[in-house]
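Take a look at the letters that make up each chain.
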Amino acid sequence: MLYKRSSQLFAEAEKVIPGGVNSPVRAFKAVGGTPIFVKSAKGAYLYDEDGNRLIDYINSWGPMILGHAYEPVVQAVIEKAKLGTSFGMPTELETQIAALAVSMVPNIDKIRFVNSGTEACMSAVRLARGFAKKDKIIKFAGCYHGHSDSFLIQAGSGAITFGSPNSPGVTAGTAKDTLLATYNDLENVAALIAANKNEIACIIVEPVAGNMGCIPPVAGFLEGLRQLCTDNDILLIFDEVMTGFRLAAGGVQELLNVNADIVCFGKVIGGGLPVGAFAARAEIMNYLAPLGPVYQAGTLSGNPLAMAAGLTMLQSLNNDHSVFKSLEEKTAYLHAGMDKVLRANDVDFTINRIGSMISVHFDSNPVTDFKSAAKGDNENFKKFFHGLLNEGIYIAPSAYESWFLTDALTYEDLDFTIRAVDKVSKTF
Ligand SMILES: Cc1ncc(COP(=O)(O)O)c(C=O)c1O
């Protein structure tokens with residue numbers, strides 16, 4: 001496939017945008033080459049500036065669960081735009097989407113809307129700290145909760161006691177309050193809690209990790225976290241920015257039957273417009289301004305275009321829960337097909353999947369945490385990525401990302417993809 005115009009557009013973008021992109025992973029740094037510039041998208045397909053059609057397995061990193069340019073969302077946004085795009089004043093629409101979200105998700109009474117997953121997680125942690133009146137938080141290595149300072153932390157020399165910044169600009173003062181744990185390792189979490197008795201406000205976790213490839217929780221991990229939090233007076237935050245309204249109508253809380261204290265949303269909840277949200281029991285949410293002392297705000301939060309898109313998306317999903325089954329079946333079909341051809345071609349690989357999140361790791365050992373995810377063969381991943389791209393299939397340009405399937409995919413698309421995986425993996 002030719003990417004001449006994309007390359008030209010990228011060169012122009014680089015002159016005026018750092019790295020030519022507004023979010024780093026778009027830049028193809030992990031796989032080499034230049035990013036593809038999109039002109040339009042419909043259903044399961046992207047159409048780029050060179051006229052290529054690509055089957056999309058990323059779907060804007062998750063939101064387009066019912067396909068690109070999903071007609072009901074497009075219509076809702078057009079109709080609302082005619083009435084004004086932002087007021088900075090309350091609208092009935094905000095209550096409608098809030099009520100629907102609260103009815104779909106277990107264990108929450110109130111929800112606050114923001115503009116991104118980053119804002120949702122940042123605000124959830126502030127609320128947890130304010131409510132618990134404690135400063136420290138535990139996060140897991142390899143889990144991503146957006147780019148706010150408290151989350152850009154790597155293991156410090158004394159990993160058991162405190163982390164260190166993993167980006168210049170994050171202060172050591174901030175880093176010392178973020179403790180880093182190993183995903184799927186309850187003993188490690190228990191040791192951190194014991195070493196920081198009565199100092200930990202919350203544990204934030206992707207209940208199904210999607211930022212080190214897809215890594216489901218091992219049996220008992222989430223239940224164990226719940227117990228540790230209850231026993232030690234710690235709030236449990238599920239970051240369901242990826243999983244919320246994707247793995248089930250009620251997210252992982254519903255799917256795996258474990259309750260969190262605060263839940264964060266993004267992606268699907270905005271139907272492709274910039275929306276995030278965080279939610280909890282009334283007792284916790286009432287701690288937020290203007291009712292309570294924890295401050296959080298936003299000029300464009302709850303703006304009518306975003307709320308119209310989000311409400312329409314949630315209504316579509318809620319009206320027909322069979323979509324989650326359909327997505328699961330399509331993803332399981334892709335899983336089985338890729339498994340078969342990769343095995344036949346003698347490739348070292350592990351496929352992780354839960355519902356419509358799936359990833360191929362190029363290592364034959366189980367991938368359960370950041371360390372095991374990092375062992376994947378990146379050279380094979382690069383060949384895989386570019387090989388599939390050449391066949392007209394777009395997966396994330398990084399081995400550390402989950403794929404997000406859309407229900408707009410047909411079984412013909414999936415068969416085409418499995419044949420492409422077969423062809424490409426023969427070149428390893
Ligand atoms: C689990 C998780 N939390 C938070 C975020 C941040 O969301 P946003 O990019 O909308 O700020 C992401 C983004 O990919 C995510 O995957």
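Residues numbered from 1 in each chain as written. Predicted model: local features only at pLDDT ≥ 70, side-chain atom pairs only at ≥ 80, totals over all residues. Heavy atoms only, no water.

## Focus: the UniProt feature "modified residue: N6-(pyridoxal phosphate)lysine" (unreviewed entry) in the protein
Now for step 1: The UniProt record marks Lys267 with the feature "modified residue: N6-(pyridoxal phosphate)lysine" (unreviewed entry), using the residue numbering of this structure.
Now for step 2: Among all residues touching Lys267, those that are not within four sequence positions of it are Trp61, Gly62, Pro63, Val241, Met242, Gly272 and Val275.
Now for step 3: A polar contact of 3.1 Å, which involves the side chain of Lys267, links it to the backbone oxygen of Trp61. (UniProt positions renumbered as here; feature names shortened; annotations may be inferred. Contact = heavy atoms within 4.5 Å. Polar contact = N/O pair within 3.5 Å; in protein donor to acceptor, adjacent residues only side chain to side chain.)

## Some points on the site of the ligand
Now for step 1: Surrounding the ligand, one finds Ser116, Gly117, Thr118, Tyr144, His145, Gly146, Glu206, Asn211, Asp239, Val241, Met242 and Lys267.
Now for step 2: In this structure, Asp239 approaches the ligand through a side-chain N or O atom, which is 2.6 Å from a nitrogen atom.
Now for step 3: A distance of 3.0 Å separates an oxygen atom of the ligand from a polar side-chain atom of Lys267.
Now for step 4: Against a free-state accessible area of 390 Å², the protein chains account for coverage of 82% of the ligand. (Near = heavy atom within 4 Å. Areas by Shrake-Rupley, 256 points an atom, 1.4 Å probe, with all protein chains shown as cover.)

## What about the sheet that holds strand S8 (residues 178-181)?
Now for step 1: Spatial ordering of the open sheet is given by S4-S12-S11-S10-S9-S5-S8, a layout of seven strands whose pairing is mixed. Each end of this open sheet is capped by a strand with a single partner; those strands are strand S4 (110-114) and S8. When the angles between neighbouring strand axes are averaged without regard to direction, this sheet yields 20°.
Now for step 2: Pairing analysis gives three bridges linking strand S10 (residues 235-239) to strand S11 (residues 262-265), with the strands arranged parallel. Paired with Ile237 across the bridge in S11 is Ile262.
Now for step 3: In this fold helix H6 (residues 186-195) packs onto strand S5 (136-140), S8 and strand S9 (200-205), with an angle of close to 155° to the strand it touches most, S8. (Pairing = 2+ DSSP bridges. Helix = DSSP H or I, 4+ residues; strand = E, 2+ residues; numbered from the N terminus. Axes fitted to C-alpha atoms, helices over the stretch in contact; angles between N-to-C directions.)

## Focus on the pairing of S9
Now for step 1: Along S9, six of the six residues are buried, which leaves the element largely enclosed by surrounding structure.
Now for step 2: When S5 meets S9, the two strands line up parallel, connected through three bridges. What sits directly across from Lys136, in S9, is Ile200.
Now for step 3: In the sheet, S9 pairs with S10 via four bridges, with the strands oriented parallel. If you follow Cys202 over to S10, its bridge partner there is Leu235. (Buried < 20%, exposed > 50% of the residue type's maximum accessible area, 1.4 Å probe, protein only.)

## Observations regarding the nonpolar core
Soluble globular proteins tend to pack their nonpolar side chains together in the buried interior.
Now for step 1: Ranked by internal contacts, the top residues of the largest apolar core, which has 110 residues, are Tyr57, Phe140, Ile203, Phe245, Leu317 and Trp403.
Now for step 2: Per-element accounting of this core gives the leading share, nine residues, to helix H10 (residues 304-319).
Now for step 3: Here this core spans two domains, since at least three of its residues come from each of domain 1 (4-69 + 321-425) and domain 2 (71-319).
Now for step 4: Of all hydrophobic cores here, the second largest spans 22 residues; its members include Ala120, Phe151, Ile204 and Ile284. (Core = buried A, V, L, I, M, F, W, Y, C linked by side-chain atoms within 4.5 Å. Domains from an automatic or database assignment.)

## Thoughts on the side chain of Asp239
Now for step 1: Relative to the helices and strands, Asp239 is located in strand S10.
Now for step 2: Of the side chains with opposite charge, Lys267 lies nearest to the buried Asp239, which makes no salt bridge, at 8.7 Å.
Now for step 3: Within the structure, the side chain of Asp239 is placed 2.7 Å from the side chain of His145, a separation counted as a polar contact.
Now for step 4: With sequence-adjacent residues up to four places away left out, Asp239 is seen in contact with Cys121, Tyr144, His145, Ile204, Val205, Glu206, Pro207 and Cys264. (Lys, Arg positive; Asp, Glu negative; His and termini not counted. Salt bridge = Lys/Arg side-chain N within 4 Å of Asp/Glu carboxyl O.)

## What about the packing of helix H13 (residues 378-390) against helix H14 (residues 411-425)?
Now for step 1: With their axes 9 Å apart at the nearest point, H13 and H14 run at an angle of 130° to one another. Comparing their axes, H14 and H13 come out oblique. Two packed elements cross with a definite hand, and for H13 against H14 that hand is right-handed. Note on element contacts: H14 touches H13 through Ala420, Val421 and Val424, opposite Lys383, Phe384, Gly387 and Leu388. (Parallel < 35°, antiparallel > 145°, perpendicular 65-115°, else oblique. Left-handed = near helix turned anticlockwise from the far one by under 90°.)

## What about the domain arrangement of the protein?
Now for step 1: For the protein, the domain assignment lists domain 1 (4-69 + 321-425) and domain 2 (71-319).
Now for step 2: Computed from C-alpha atoms alone, the centre-to-centre distance between domain 1 and domain 2 is 25 Å.
Now for step 3: Counting residues at the interface gives 31 residues for domain 1, matched by 33 residues for domain 2.
Now for step 4: Both faces combined, the contact of domain 1 with domain 2 buries some 2500 Å², and carbon together with sulfur accounts for 67% of it.
Now for step 5: The largest per-residue losses of area from domain 1 upon contact with domain 2 belong to Phe324, Ile354 and Met357, which jointly make up 24% of the total buried on that side.
Now for step 6: Along the contact surface separating domain 1 from domain 2 lie one salt bridge.
Now for step 7: The closest approach of N and O atoms between Lys42 and Glu71, which form a salt bridge, is 3.5 Å.
Now for step 8: Here domain 1 is connected to domain 2 by twelve residue pairs in polar contact (both at pLDDT 80 or more).
Now for step 9: Of all the secondary structure elements, the ones that give two or more residues to the side of domain 1 that touches domain 2 are helix H11 (322-344), strand S13 (350-354), strand S14 (357-361) and helix H12 (370-373). (Buried area = accessible area lost by both parts, 1.4 Å probe.)

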